[in-house]
Amino acid sequence: MKVLFVEYPKCSTCKKAGKWLKDHDVEFDDRHIVEENPTAEELKEWHAKSGLPLKRFFNTSGQVYRNNGIKDKLLGMSEEEQYALLATDGMLVKRPIVVGEDFVLVGFKEKEWKEKL
């Protein structure tokens, strides 16, 4: 099984996750989240596959999120508006993301990764 690994290479958690994938012989295509930001359509599809609340796709500890007061803006936004917002800047998106055929993992939680990969 080959998965898509969406990451920010300077992120320490992404580095750890990438090493984990290699150590566990998981085949993956690597994608830089800033150079090739996920589109609103991709995010919508990934959200549906993940089973997670849409809020989990936001990098809530990131500077872009905090500096732009996104937390307060989300309350009044529809899901479509949130997908569009996420698609504007890869730094708004929680990472790493692993996209499989029938699942999506957001963030690096080793236990979840062991179960799915």
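Scroll up for the structure.
Quick caveat, the model's predicted, so the values are computed rather than measured.

Here is what the cut-offs are and how they apply
Residues numbered from 1 in each chain as written. Predicted model: local features only at pLDDT ≥ 70, side-chain atom pairs only at ≥ 80, totals over all residues. Heavy atoms only, no water. Salt bridge = Lys/Arg side-chain N within 4 Å of Asp/Glu carboxyl O. Helix = DSSP H or I, 4+ residues; strand = E, 2+ residues; numbered from the N terminus. Buried < 20%, exposed > 50% of the residue type's maximum accessible area, 1.4 Å probe, protein only.

A separate point is the pattern of salt bridges. Within the structure shown, the criterion is met by 7 salt bridges. Between D23 and K19 there is a salt bridge whose closest N-O contact spans 2.7 Å. Residue D23 and its partner K19 are located together in helix α1 (residues 12-23), separated by 4 residues, close to a single helical turn. With a relative accessible area of 48%, D23 lands in the partly exposed category. Put simply, R31 and E36 hold a salt bridge, and the shortest N to O gap is 3.7 Å. Of the residues examined, E36 reaches a relative accessible area of 45% and is grouped as partly exposed.

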